[in-house]
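# Fold and geometry: a report
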Amino acid sequence: MDSEIAKAISSIYEEDEDVVGVVVVDNSGLCLATDGGIPEEAAGVIASIAAHSDHLLPAHPTQAADISPVVQIEAESLTITIRRTPMITLGIFKNKSKNI
């Protein structure tokens, strides 16, 4: 599984040159991988934000149970995108584009 995670992280960097760090967390909040100098302690925070974001959307009978909101946190020079899937939670840290 570690090689699968490493391949996924590599593909994230390849798709977007602004990515500077990645955190991968399991459903228990356990850090599976970090990259780009992101501390392992960030995994719990990322997992918690993703879990709490589910409470922001009203339950809908036709909504799939595995749909979770995407959370974006913006700072002056950095954006963190958090997305939960049925298997993992992913935090992607990106430098803000200079074109904005």
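Residues numbered from 1 in each chain as written. Predicted model: local features only at pLDDT ≥ 70, side-chain atom pairs only at ≥ 80, totals over all residues. Heavy atoms only, no water.

## Quick notes on the side chain of Thr89
With respect to the secondary-structure elements, Thr89 resides in strand E5 (residues 88-95). Residues within four places of Thr89 in sequence aside, it is in contact with Val23, Val24, Val25, Ile46, Ala47, Ala50, Ile82, Arg83 and Arg84. (Helix = DSSP H or I, 4+ residues; strand = E, 2+ residues; numbered from the N terminus. Contact = heavy atoms within 4.5 Å.)

## Describing the pattern of salt bridges
In the structure shown here, the tally under the stated rule is three salt bridges. For Lys96, the salt bridge goes to Glu74, with nearest N and O atoms at 3.2 Å. Placement of Lys96 in the segment after E5 and of Glu74 in strand E3 (residues 70-74) is noted, with a sequence separation of 22 residues between them. On the basis of relative accessibility, which here comes to 53%, the residue Glu74 falls in the exposed class. (Salt bridge = Lys/Arg side-chain N within 4 Å of Asp/Glu carboxyl O. Buried < 20%, exposed > 50% of the residue type's maximum accessible area, 1.4 Å probe, protein only.)

## Brief notes about helix H2 (residues 42-53)
For an α-helix, 3.6 residues make a turn, and residues three or four places apart therefore share a direction. Taking 1.5 Å per residue as the helical rise, H2 with its 12 residues ought to reach 16 Å, and the 17 Å between its terminal C-alpha atoms agrees with that figure. Every buried residue belonging to H2 is among Ala42, Ala43, Ile46, Ala47, Ala50 and Ser53, and all of these are buried. Within H2, the buried residues cover an arc of 135 degrees as seen down the axis, which keeps them to one side. (Expected span 1.5 Å × (residues − 1). Arc of directions from axis to C-beta.)

## Thoughts on the nonpolar core
Counting residues in each nonpolar core, the largest one holds 13 residues, and the members touching the most others are Val23, Ile82 and Phe93. Elements with a minimum of two residues in this core: strand E1 (19-26), H2 and strand E4 (78-84). Top contributing element to this core by residue count: H2, with five residues. Those residues in contact with Phe93 that sit more than four places away from it in its chain are Asp18, Val19, Val20, Gly21, Val22, Val23, Ile38, Ile46, Leu78, Thr79 and Ile80. Of all hydrophobic cores here, the second largest spans eight residues; its members include Ile5, Val19, Val24 and Ala33. (Core = buried A, V, L, I, M, F, W, Y, C linked by side-chain atoms within 4.5 Å.)

## A closer look at the side chain of Ser53
Along the polypeptide, Ser53 turns up in helix H2. Excluding its chain neighbours within four sequence positions, the residues that come into contact with Ser53 are Ser68, Pro69 and Val71.

## Thoughts on the sheet that holds E4
The strands that make up a sheet pair up through hydrogen bonds in the backbone, lying either parallel or antiparallel. In space, the five strands of this open sheet follow the order E2-E1-E5-E4-E3, with antiparallel pairing throughout. Whereas interior strands pair on both sides, the edge strands pair on one side only; in this sheet they are strand E2 (31-35) and E3. Sheet twist, expressed as the average angle between the axes of neighbouring strands with direction ignored, equals 10 degrees. Judged from the seven bridges that link them, E4 and E5 form a sheet pairing that is antiparallel. Across the sheet, Arg83 pairs through a bridge with Leu90, a residue of E5. Against the sheet, helix H1 (residues 2-15) makes contact with E1, E2 and E5, and its axis sits at roughly 150 degrees relative to E1, the strand it touches most. (Pairing = 2+ DSSP bridges. Axes fitted to C-alpha atoms, helices over the stretch in contact; angles between N-to-C directions.)

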